[in-house]
Every structure is written in structure tokens, then in C-alpha cells.
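# Fold and geometry: a report
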Amino acid sequence: MTLCELEDQALRLSAEDRWQLINTLVRSLQPKIQPTSKPKGLAASLIGIAKTDTVPPTDEEVKAMLHERLVQK
């Protein structure tokens, strides 16, 4: 089948079928995404270990914590 014949047949389709054809063609042109392998080893197992749901302290709060710790010693 030539491109011209294919175009003629596509234009005879209902609007819904043409949209479906467009979606199929667009998906066929998108590059296939290869799943990435997860890092292995000790470093990979530590990723996110210190992650919390709280907001990180400000610089002033950190300075105050350090000062309190030095005073305790």
C-alpha cells in the first residue's frame, strides 16, 4: 500500500478512529525508555537514609545547636 492510498483510507475513518490512529502513530515514534538499573552496594543502600518529612534547620538554628553542644562539653 502506498502512502497516498493509506491517506485516502485514513480519511474515510470516523473522527474517533482517526484520533486513535494518530495516538498509535505518535506512540510508535516515541523512543522506548530503557529501565535504569538501580545502583548496588553499600552506598546505594544509604541513599535517603537521612530523609525526613520535616523542614531542614536554618543556618541560625544549626549555629545555635552547635553552640549548645559546645557548651554541654
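These numbers come from a predicted model, not from an experiment.

The helix and strand tally for the chain stands at 4 helices and 0 strands. Element order for the chain, N to C, with α for helix and β for strand: α-α-α-α. Along the first, second and third principal axes, the C-alpha set of the chain runs to 85 × 30 × 15 Å. Looking at the chain as a whole, 3% of its 73 residues are labelled buried. Element-wise, carbon and sulfur atoms account for 61% of the exposed surface of the chain, whose accessible area totals about 7600 Å². The positive charge centre, built from 10 side chains, and the negative charge centre, built from 10, are 11 Å apart in the chain.

To continue, consider the environment of M1. Structurally, the position occupied by M1 is in the segment before α1 (3-11). Filtering out sequence-adjacent residues up to four positions away, M1 remains in contact with L6 and Q9.

Attention now moves to helix α4 (residues 59-72). The end-to-end C-alpha distance of α4 is 20 Å, a good match for the 20 Å that 14 residues give at a rise of 1.5 Å each. Along α4, only 0 of the 14 residues are buried, which leaves the element largely exposed.

With that settled, the discussion passes to the confidence of the model for the chain. Residue-level pLDDT values for the chain average 85, and 90% of them are 70 or greater. The lowest-confidence element of the chain is helix α3 (residues 42-45), averaging 75 in pLDDT; the highest-confidence one is α1, averaging 94.

Now for a nonpolar patch on the surface. A contiguous nonpolar surface patch, about 360 Å² in accessible area, is contributed by M1, L3 and L6. Assignment of secondary structure puts L6 in helix α1. Among the residues examined, L6 registers a relative accessible area of 45% and is labelled partly exposed.

Here we take up the environment of A10. Here A10 shows up in helix α1. Owing to a relative accessible area of 18%, A10 belongs among the buried residues under this scheme. For the pair formed by A10 and I22, sequence separation is 12 residues and the distance between their alpha carbons is 10.0 Å. What A10 contacts, discounting residues up to four positions off in sequence, is R18 and L21.

Calculation notes
- Residues numbered from 1 in each chain as written.
- Predicted model: local features only at pLDDT ≥ 70, side-chain atom pairs only at ≥ 80, totals over all residues.
- Heavy atoms only, no water.
- Helix = DSSP H or I, 4+ residues; strand = E, 2+ residues; numbered from the N terminus.
- Buried < 20%, exposed > 50% of the residue type's maximum accessible area, 1.4 Å probe, protein only.
- Areas by Shrake-Rupley, 256 points an atom, 1.4 Å probe, with all protein chains shown as cover.
- Lys, Arg positive; Asp, Glu negative; His and termini not counted.
- Charge placed at Lys NZ, Arg CZ, Asp CG, Glu CD.
- Contact = heavy atoms within 4.5 Å.
- Expected span 1.5 Å × (residues − 1).
- pLDDT = per-residue confidence, 0-100.
- Patch = residues over 30% accessible without salt bridge, like charges linked within 9 Å, V, L, I, M, F, W, Y side chains within 5 Å.
- Salt bridge = Lys/Arg side-chain N within 4 Å of Asp/Glu carboxyl O.

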